[in-house]
Amino acid sequence: MDYNNLDNFSQIARDHAENPRNYGALGVFDSHARITGPCGDSMDFWLAVRNGQVERASFVTDGCGPSLASGSMATSLARGKYVGDVMRIGQRDIFDALGGLPPGAEHCPLLASNTLKAACENYLGIPPRSPEDKTKDESLGNPGHATLGRKPKESGEQFEEQQKLQSRLCRIRHKVVVLSGKGGVGKSTVAVNLATSLAIAGNRVGLLDVDIHGPSVPTMLGLEQERVVGNEDALFPVVLEGLKVMSLGFLLASQDDAVIWRGPKKMGVIKQFLSDVEWGDLDYLIIDSPPGTGDEPLSVCQLIGNLDGAVVVTTPQKVAAVDVRKSITFCRKLELPIIGLVENMNGFTCPKCGEVTQILSSGGGRQMAKDMGVTFLGAIPIDPRIAEAGDKGKAFVQHFAATPTAKLMQDIIQPIMALDESAPRKNSSQATI
Ligand code: ADP
């Protein structure tokens, strides 16, 4: 497709490609981000923010027509909106506002929306300006530019690392994190089986295990002996029947290694790990987060950014409600959409006769979800075959596919599959980021 030939463009897209709005760097800006997409095109966004609203947004790109149109539309959509709302401007919004783009160019609005979001994140990383700054700025006649000439908070190295991370992650259409208020509730089991179900459904899927306390994904998928291949720039995931898997466990000589890491060292390892993994193009990345609602899951969610949402895993007892409430508050503080709640270990399914016996109190998860205004995704019973599959290194949904429990697990992916309906469909012959 010759993207310089604008005949195939809608009238709006052609207008924005021929006369891009807001083109060129801002002289005075509060944040900046650059991402290079897998197609090799780069985009830069600059934002000037006043009272939390984007006062000016500008961009440059070395890409051709669709990139120009997408950057131009993204900056037009951003203007005047609150930063939190700008972060929600997605590929679909830009694509629709342009009245569509020629087939195969869908990655351009995605590159624009990801770069715009990265610029918002860069802005949010800047500490609030001091009253002295404000006075100084106003005396210069620039009350709007709170951070006149201010450079991003990060050091050059950190900024580059964040850009590297974003340029890798921008090739992933949907990122979903699996959270739990505490360990041992089946978070990794849910993550492994969600990722496998999505892969079986024909998606390109990655599974990222950042549970630094006990990376159990390698055991659950029979990959304990695997060591990742890498070069000085990147680590490459292990591929298991089409599913790309990366676990901190692959990098540890023994699990005790992680336990002795403290605060900053632990965060440094997580950060470097996230930015080094080269996933390629994916439809979904499922992230098995560290448990709880402390610094570790917080860092993971913030570093990855642009998450589509969280699946929260809990057990049915009433005491679990406290943990679920904490997880939900955690998501709301991060403005992370909650895809829903999964109740694991609800009743015991006898593998011989299929009869379900309640062991822990039942129905708590559904009620919790209702009380907290989140979607209830489903209940998974205690099924000895789940533990057996995990111990033998086989994904339960695949190796016990015919069981009612596997069907329940497969149903849980439906709202995650629906995420794709809100994004432009990919062109079958084109790689889409
Ligand atoms: P977490 O990631 O929350 O620490 P895991 O997913 O590692 O929890 O699960 C802990 C253990 O419980 C694993 O051995 C797993 O196989 C087992 N398990 C999880 N869910 C079930 C279930 N529904 N039925 C039987 N065993 C389960």
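Figured I'd write up the structure that's included with this text. For clarity, every value in this text was computed on a predicted model and none was experimentally measured.

The subject of this paragraph is the site of the ligand. Neighbouring residues of the ligand: 16 residues in total, closest Gly 184, Ser 188, Thr 189, Asn 344 and Pro 381. In this structure, a nitrogen atom belonging to the ligand sits 3.0 Å away from a main-chain N or O atom of Asp 383. When the ligand is considered free in solution it has 560 Å² of accessible area, and contact with the protein chains removes 80% of it. Listed by contribution, the elements that provide at least two residues to the shell around the ligand are helix H8 (187–200), strand S12 (338–349), strand S14 (376–382) and helix H15 (384–392). In terms of residue class, the shell around the ligand is built from seven nonpolar, seven polar and two charged.

Turning our attention to the pairing of strand S11 (residues 309–314). If a strand is regular, its side chains alternate between the two faces of the sheet. Within S11, six of the six residues are buried, which leaves the element mostly enclosed by the surrounding structure. Covered by surrounding structure in S11 are Gly 309, Val 311 and Val 313 together with Ala 310, Val 312 and Thr 314, the residues of both alternating faces.

It is worth spelling out helix H13 (residues 320–333) at this point. Between the first and last C-alpha of H13 there are 20 Å, a value that for 14 residues agrees with the 20 Å anticipated at 1.5 Å per step. Regarding H13, the residues found buried are Ala 320, Ala 321, Asp 323, Val 324, Ser 327, Ile 328, Phe 330 and Cys 331. Looking at the packing, one finds that the buried side of H13 touches strand S4 (172–180), helix H12 (295–304), S11, S12 and helix H14 (364–371).

Glancing now at unusual backbone geometry. Backbone geometry at Asn 51 places phi at a positive 50°, although glycine is not the residue there. The exposure class assigned to Asn 51 is exposed, which follows from its relative accessible area of 61%. The phi angle at Glu 335 is positive, at roughly 55°, despite the residue not being glycine. Turning to its location among the elements, Glu 335 is positioned in the loop between H13 and S12.

What follows concerns the packing of aromatic side chains. With the rule as written, the count across this model stands at three aromatic pairs. For the pair Tyr 23 and Phe 59, a centre-to-centre distance of 5.1 Å together with 85° between the ring planes defines the contact as edge-to-face. Here the residue Tyr 23 occupies a position in the loop between helix H1 (11–18) and strand S1 (31–36), and Phe 59 occupies one in strand S3 (residues 53–61), the gap between them amounting to 36 residues. Accessibility expressed as a relative area gives 44% for Tyr 23, which makes it partly exposed. With centroids separated by 5.3 Å and ring planes inclined at 20°, the aromatic side chains of Phe 396 and Phe 400 adopt a geometry described as stacked. The exposure class assigned to Phe 396 is buried, which follows from its relative accessible area of 2%. These aromatic residues form a ring-pair network of at least three members: Tyr 23, Phe 45 and Phe 59.

Another aspect to go through is the packing of helix H2 (residues 65–78) against helix H5 (residues 107–124). Between H2 and H5, the shortest axis-to-axis distance is 8 Å and the interhelical angle comes to 40°. By the angle between their axes, H2 is oblique relative to H5. Handedness of the H2/H5 crossing: right-handed. Between H2, through Pro 66, Ser 67, Ser 70, Gly 71, Ala 74 and Ala 78, and H5, the contact on the second element is made entirely by Cys 108, Pro 109, Ala 112 and Leu 116. Its residues assigned to classes, the contact of H2 with H5 comprises seven nonpolar, three polar and no charged.

The strand order across the open sheet built from three strands is S1-S2-S3, with neighbouring strands paired in antiparallel fashion. Of all the strands in the sheet, just S1 and S3 have a single pairing partner and so form its edges. Ignoring strand direction, the axes of neighbouring strands in this sheet form an average angle of 15°. The pairing of strand S2 (residues 42–50) with S3 spans eight bridges and is classified as antiparallel. Bridging across to S3, Trp 46 finds its partner in Ser 58. Running at roughly 170° to S3, H2 makes contact with S2 and S3 of the sheet.

Rules and cut-offs
- Residues numbered from 1 in each chain as written.
- Predicted model: local features only at pLDDT ≥ 70, side-chain atom pairs only at ≥ 80, totals over all residues.
- Heavy atoms only, no water.
- Near = heavy atom within 4 Å.
- Polar contact = N/O pair within 3.5 Å; in protein donor to acceptor, adjacent residues only side chain to side chain.
- Areas by Shrake-Rupley, 256 points an atom, 1.4 Å probe, with all protein chains shown as cover.
- Helix = DSSP H or I, 4+ residues; strand = E, 2+ residues; numbered from the N terminus.
- Nonpolar A, V, L, I, M, F, W, Y, C, P; charged D, E, K, R; others polar.
- Buried < 20%, exposed > 50% of the residue type's maximum accessible area, 1.4 Å probe, protein only.
- Expected span 1.5 Å × (residues − 1).
- Contact = heavy atoms within 4.5 Å.
- Phe/Tyr/Trp six-rings, centres within 6.5 Å; stacked < 30°, edge-to-face > 60°.
- Axes fitted to C-alpha atoms, helices over the stretch in contact; angles between N-to-C directions.
- Parallel < 35°, antiparallel > 145°, perpendicular 65-115°, else oblique.
- Left-handed = near helix turned anticlockwise from the far one by under 90°.
- Pairing = 2+ DSSP bridges.

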